[in-house]
Amino acid sequence: MDLGQTITIPALCSHLLVGLSRAMILFVVTSGMSFVLGVLRVPNVAHGSLYMIGAFSAFSISTLLGGGSTGFLVALVLAPLVVALVSLIAERSLFCHLYEREHLMLLLFTFALMLILGDLVKMVWGPDYRSIMAPELLRGSATVFGAPFPRYNLFLLIIGPLVAIGLWLFSNKTKIGKIARAAAVDREMVGAIGINVSRVFAFAFVFGCFLAGLGGALVSPMVSITIGMDHDIVMDAFLIVTIGGLGNMWGALVGSLIFGITQSFGVLLLPQFAIVFPYLAVVVILIWRPTGMLKSVW
Amino acid sequence: MSKGFFGLKSFIPVAGFLIILLILPGIIPRFYTYILTLIFVTGLLAMSLNLVVGHGGLFQFHHCAFYGVGAYAFALILTKTSLPTWVAFVAGPLMAATVGLIIGWLCVRLNKLYFGMLQIALGSLIWAVAFRWYSLTGGDDGIHGIPMPALLDSINSAYYFILILLLICLIVLYLILKSPFGLTLRAIRDNPERCETVGVNVKLHKLAAIVIATFFAGIAGTLFVVVERSVFPDLLFWVFSLEVFIMCLLGGWFTFPGPILGAAMMVSLRTFVGAYTEYWTLIVGVILILLIFFLPEGVLGYLIRKSKGLRVGSAGEG
């Protein structure tokens, strides 16, 4: 087993920044999952598939528009909307009829949805690897603390906090956000005061999936887009949501930071076993605090 | 069959079914024998999961970790050491049960979903190590061409060997479920607080159930290697764990042989639909959705309820 590169201050800083920007992607995805989990109380296994659809749609939209800077920006806006549409169809046609059922059934439904969406993506986009370029402004690298650092990751470091602020404003300052938060805490009461709970659920589900699509669109210039990326992210997203505190948006942020940073420092320490470190962190946290770092809404 | 494994009424169909299974390899092509063997192995895995999920009510989300540990332990002893084969056969399940004891001990103090998530984290840890430790486990390639003793070399002998072991395991599992321990386990599933109050050590019972289930998962893992002669990290991946979960649901949670039926359906679907189209998971997904909507107790659960309903109905008329 070879050790990673020699640990210097610039190397540490650049790994920290890479970890942070990875955490931002994870945060966008997991905040959506956390939202669904909080309001509907369902771990949405299909969340990763929607993330994958987001990435593939971003690819198609930006290729359709010539692959330039505007193409990518339009894709960043449209791809999450495509995902939201897909989830809206799935929710209104099938999922909404199951809310009265046992919890495990809802979980299994989302698993079935994952299987179906995975194959639909294979049908539409095929099994090949796809990739898109970031807009010119965000290509290349800038020097941060004496180490080269990809510009796109810096862009993510700006987007992540913006999404967090947007989510906070949305759930605290808008009426629908407040209703969704109330439904997360006490759904019977929300129903009792005359709010259509089924519609709130639909909204929460679609909104959560929208965030998954946004995460997929954001990650698309960084990775090779391929089938199988759904499996890779969804379990990580679950673990992040769990260590953060189920249904707690800030918990999703804390969990993403832990996950992203342990992974990038893992690359620095033991590149071969880098993927082991985040899981180890999850195990330690769950043993130390069995219900997650922050207060869960359950 | 759920009423009495040894009752006279169910003895005749069970014996008939067994005789059919015994003569089948002589009639059907090799490929079908292989599929049947695979069904036995996967069925045993699903049965072991159902012990903790259906009867114990635990969120055992990463059962395949133990299946994979059994398979890897067996494969590694056969390929990396010169120990006799029987040692490997004993070590596979024991290793799985040991890992089950450690993971179970860590998990039982957590509740419901947190239990499942901690187990997934621990199981993913094992998966990540197996996936990356190229020098020992072969990494994502796995280990192939594992040598088998001459006795198990042909698919037919492997078939009989696995069938006999499966029957022994099923009888043991049945006896466990009928024992006071099995009854206590179901009582804990239905009302843990009350069990705690009357003095049952809930955590210890859960842990014991996990160790037993992981031991049987380990047996299934070693038998998988006997059939396939290879191990690979996908055996330990969480997607497979969910698939086994679905087998239990497909067949019927609260029936004894349900999970085997589910495993048979799943394996045949994958083999036969998979041979016809590459989009077989789509079809599995659609079937699953139909099942959730129309047969939430699973196929066997539905059939049993239906037959009971008929009997009650006719008794009412008479």
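Small disclaimer: the values here were computed from a predicted structure and weren't measured.

A. Region of the structure containing the interface of chain B and chain A. The interface is formed by 29 residues belonging to chain B together with 29 residues belonging to chain A. Every element with two or more residues in the side of chain B that touches chain A is listed here: helix 5 (112–132), helix 11 (238–251) and helix 13 (280–294) of chain B. For the side of chain B that touches chain A, the leading source of residues is helix 5 of chain B, giving 11 residues. Taken together, the residues that form the side of chain B that touches chain A break down as 24 nonpolar, 3 polar and 2 charged.

B. Looking closely at the confidence of the model for chain B. All names here are of chain B. For chain B, mean pLDDT is 85; residues scoring 70 or higher make up 94% of the total. Per-residue pLDDT, averaged within each element of chain B, yields its smallest value for helix 14 (residues 299–317) (62) and its largest for helix 10 (residues 202–228) (93). Across residues 313–318 the pLDDT falls below 50, and counting only partners more than four positions away or on other chains, this stretch makes 0 contacts in the model.

C. Just unusual backbone geometry, in detail. Positive phi values are uncommon outside glycine, yet R41 of chain A reaches one of about 60 degrees. Inspection of the secondary structure assignment puts R41 of chain A in the loop between helix 1 (9–40) and helix 2 (47–64). Classification of R41 of chain A as partly exposed rests on a count of 19 C-beta atoms within 10 Å. Residue R229 of chain B is not a glycine yet carries a positive backbone phi of 60 degrees. Looking at the element boundaries, R229 of chain B is found in the loop between helix 10 and helix 11. The exposure class of R229 of chain B is partly exposed, given the 17 C-beta atoms found within 10 Å.

Scoring rules and cut-offs
- Residues numbered from 1 in each chain as written.
- Chains lettered and ligands numbered in written order.
- Predicted model: local features only at pLDDT ≥ 70, side-chain atom pairs only at ≥ 80, totals over all residues.
- Contact = placed C-beta atoms within 7 Å.
- Helix = DSSP H or I, 4+ residues; strand = E, 2+ residues; numbered from the N terminus.
- Nonpolar A, V, L, I, M, F, W, Y, C, P; charged D, E, K, R; others polar.
- pLDDT = per-residue confidence, 0-100.
- Buried ≥ 20, exposed ≤ 12 C-beta atoms within 10 Å, placed from the backbone.

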